[in-house]
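If you want the building blocks of each chain, they are given just below.
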Amino acid sequence: DEAEDHYLSAINLNPEPEWTATVCRAAALIYSDVKKNSEKAIRMYQQSLALSPNCAETYASLGDIYFDDEDYDLALENYTKSLQLNRSDAYVFNKFATALWQKDFAEEAIIAYKSAIDANPDYAPACNNLGVVYLDGKNMLFEAKDCFEKDIEKDSSYTMSYYNLGRTFESLGDKISAAKNYQKAEELNQIKEEIKGIDISEKIRTLFEV
């Protein structure tokens with residue numbers, strides 16, 4: 001609360017637009033991440049853009065709020081504006097692609113995920129998410145397998161890629177490989193807790209049910 005008060009006081013002083021825009025973004029983070037008040041966060045980001053209209057980071061942050069609120073149209077609008085200003089941000093390309101995927105635009109999502117990977121080949125979430133579209137959206141199992149295996153080569157501790165590789169092997173009918181990858185995902189998840197709401201042990205058990 002004290003931080004909020006100080007930020008608002010600083011904004012009211014408004015000595016210089018770029019500086020004040022930065023303070024607006026800081027206040028917006030309090031509203032979005034701490035107070036969970038998306039309406040106030042959006043207003044503060046919009047105020048920041050009024051002062052500094054060419055900030056890719058601000059558009060991306062707005063996109064994230066709309067994405068979390070499941071307003072994918074406004075998320076896409078703001079991610080697009082962010083990418084028009086900065087086409088080297090793999091995170092924004094990844095979120096843009098995921099918003100497209102949420103709207104069932106699989107082909108467009110694939111293109112955007114590939115752009116994220118081009119921007120940063122080591123950004124594991126984009127390669128994993130591309131694999132998910134191949135697996136769940138296009139039934140392109142070998143393309144999906146390739147994505148997850150590449151992710152694991154780059155980051156051997158990325159839980160989601162092991163889990164999704166397990167799903168891919170299960171779809172391919174290779175129960176042994178599926179179980180091995182599910183088991184690795186479960187071991188990592190006990191430490192990192194990246195996967196919630198899924199009983200991986202149960203998935204392993206049901207693989208071999210008659």
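Residues numbered from 1 in each chain as written. Predicted model: local features only at pLDDT ≥ 70, side-chain atom pairs only at ≥ 80, totals over all residues. Heavy atoms only, no water.

Helix and strand counts for the chain come out as twelve helices and zero strands. Counting helices and strands in the order they occur from the N terminus, the chain gives α-α-α-α-α-α-α-α-α-α-α-α. Referenced to the eigenvectors of the C-alpha coordinate spread, the extents of the chain come out at roughly 70 × 35 × 25 Å. Of the roughly 11,300 Å² that the chain leaves accessible, carbon and sulfur atoms contribute 49%. The positive charge centre, built from 22 side chains, and the negative charge centre, built from 38, are 3 Å apart in the chain. (Helix = DSSP H or I, 4+ residues; strand = E, 2+ residues; numbered from the N terminus. Areas by Shrake-Rupley, 256 points an atom, 1.4 Å probe, with all protein chains shown as cover. Lys, Arg positive; Asp, Glu negative; His and termini not counted. Charge placed at Lys NZ, Arg CZ, Asp CG, Glu CD.)

This paragraph deals with the packing of aromatic side chains. Counted by the stated rule, this structure contains two aromatic pairs. An angle of 75 degrees between the planes, with centres 5.3 Å apart, marks the rings of Phe-67 and Tyr-72 as edge-to-face. Take Phe-67 and Tyr-72: they sit in the same class, and that class is buried. With centroids separated by 5.7 Å and ring planes inclined at 50 degrees, the aromatic side chains of Tyr-163 and Tyr-182 adopt a geometry described as tilted. Here Tyr-182 lies in helix α11 (residues 175–192) and Tyr-163 lies in helix α10 (residues 159–172), a separation of 19 residues in the sequence. Residue class for Tyr-163 comes out buried when judged on its relative accessible area of 7%. Directly above the aromatic system of Phe-67 lies the positively charged group of Lys-95, at a separation of 4.4 Å from the ring centroid. (Phe/Tyr/Trp six-rings, centres within 6.5 Å; stacked < 30°, edge-to-face > 60°. Buried < 20%, exposed > 50% of the residue type's maximum accessible area, 1.4 Å probe, protein only. Lys NZ or Arg CZ within 6 Å of the ring centre and 35° of its normal.)

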